[in-house]
Amino acid sequence: MQLNNLTLFRQMEQKMHWLSTRQSVLAENVANADTPAYTPRDLKPFTGASSTQLAAPLIMASTDGGAYMSGSNGASMIPVVQKDREAVETSPNGNQVSLEDQLTKVGETGMDYQMLTNLYRKQLSMMKTALGRNTTA
Amino acid sequence: MSDLYTSLGVSASGMKAQSLRMRVIAENIANADSTGDSPNALPYRRQVVTFADELDKASGARKVEVSKITKDPSQFVRKYMPGHPNADADGYVLYPNVNTLVETMDMREAQRSYEANLNVIEVSRMMMSRSIDLLRA
């Protein structure tokens, strides 16, 4: 059984990927907080899967053809890096990084990630309950 | 996960750059009273660190590095000290163009930026260990 064929797991995985990419972009911004003429960047907001993407697992339920093996077809959400639109302050050396904003975002990202790993674990333990070999939950 | 490793590397580069800046500030403060060793010799000249963002080709991340350490071209302080062994014919001694207040502010800024990078590392590390913990779910 591939967990990624389940919509919820796939979406959680995508969001976690998005969050870890965002973390590295934010790390770049913080590291360059004193670099002259540096403009901070951020990711495009995470939109999740659209309704057509949600329907994808139903298509994959058919066992004939290679579609079954291909996993998510086109439903993957690739994080897109763009210029940080909230950056408005510019220091005399042309740097636009606001350390407070960036650290707020870092905290946000960390908390979201924590929430997702918790969700993932809960979901998994629920499935184990259904399988009848879970002892803890 | 590789994104998180990248973010660790980026933050580490930021910390390295800030600590080099700290070293230069320490040199400036330590030499704030270093006059030349003969009446016409020039005293210590203040050094300034400039950062630049640099594309790390292995990871595609924008790390930070010290691009150059330049000498501050501003004028030396001229003090009237006829009894000084290095005083010129009129009794003046050239002192370095170091303003300890400016250096102290610079030092604070370096410290804050260092802490910000440390914070990002902590969050990245938390995200990584949470991902690893999923294996125990």
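1. Some details on the interface of chain B and chain A
Argument step 1. Listed by partner, the interface residues are 32 residues for chain B and 31 residues for chain A.
Argument step 2. Together chain B and chain A conceal approximately 2,600 Å² of surface at their shared face, both sides included; 62% is due to carbon and sulfur atoms.
Argument step 3. Looking at the side of chain B facing chain A, the largest losses of area belong to R62, R130 and L134 of chain B, adding up to 26% of the total buried there.
Argument step 4. Inspection of the chain B/chain A interface yields 1 salt bridge.
Argument step 5. Its salt-bridge partner being R21 of chain B, residue D34 of chain A comes within 3.1 Å of it at the nearest N-O pair.
Argument step 6. Seen at the junction of chain B and chain A, the total is 12 residue pairs in polar contact (both at pLDDT 80 or more).
Argument step 7. Counting residues per element, the ones that place at least two in the side of chain B that touches chain A are α1 (2-30), β1 (47-56), β2 (61-71) and α2 (100-133) of chain B.
Argument step 8. No other element matches the 13 residues that α2 of chain B contributes to the side of chain B that touches chain A.
Argument step 9. In the side of chain B that touches chain A, the residues fall into 13 nonpolar, 11 polar and 8 charged.

2. Re the confidence of the model for chain B
For any part of a model where pLDDT is low, the fine detail of the predicted coordinates should not be relied upon.
Argument step 1. Model confidence for chain B is summarised by a mean pLDDT of 93, while 99% of its residues fall at 70 or above.
Argument step 2. Of the two predicted TM-score estimates for the complex, the pTM is 0.80 and the ipTM is 0.84.

3. Some points on the pattern of salt bridges
Argument step 1. Following the criterion strictly, the structure yields 17 salt bridges over all chains and no others.
Argument step 2. For the salt bridge of R62 of chain B with D53 of chain B, the shortest nitrogen-to-oxygen distance reads 3.4 Å.
Argument step 3. Owing to a relative accessible area of 32%, D53 of chain B belongs among the partly exposed residues under this scheme.
Argument step 4. A salt bridge links R136 of chain B to D133 of chain B; its shortest N-O distance comes to 3.3 Å.
Argument step 5. Via salt bridges that share partners, R22, D42, D84, E86, K105 and E108 of chain A belong to a single interconnected network.

4. Topic: the packing of α1 of chain B against α2 of chain B
Residues and elements named next belong to chain B.
Argument step 1. Closest axis-to-axis distance for the α1/α2 pair is 9 Å, and the angle between their directions is 160°. When the axis of α1 is compared with that of α2, the two are roughly antiparallel. Two packed elements cross with a definite hand, and for α1 against α2 that hand is left-handed.

Rules of the game
- Residues numbered from 1 in each chain as written.
- Chains lettered and ligands numbered in written order.
- Predicted model: local features only at pLDDT ≥ 70, side-chain atom pairs only at ≥ 80, totals over all residues.
- Heavy atoms only, no water.
- Contact = heavy atoms within 4.5 Å.
- Buried area = accessible area lost by both parts, 1.4 Å probe.
- Salt bridge = Lys/Arg side-chain N within 4 Å of Asp/Glu carboxyl O.
- Polar contact = N/O pair within 3.5 Å; in protein donor to acceptor, adjacent residues only side chain to side chain.
- Helix = DSSP H or I, 4+ residues; strand = E, 2+ residues; numbered from the N terminus.
- Nonpolar A, V, L, I, M, F, W, Y, C, P; charged D, E, K, R; others polar.
- pLDDT = per-residue confidence, 0-100.
- Buried < 20%, exposed > 50% of the residue type's maximum accessible area, 1.4 Å probe, protein only.
- Axes fitted to C-alpha atoms, helices over the stretch in contact; angles between N-to-C directions.
- Parallel < 35°, antiparallel > 145°, perpendicular 65-115°, else oblique.
- Left-handed = near helix turned anticlockwise from the far one by under 90°.

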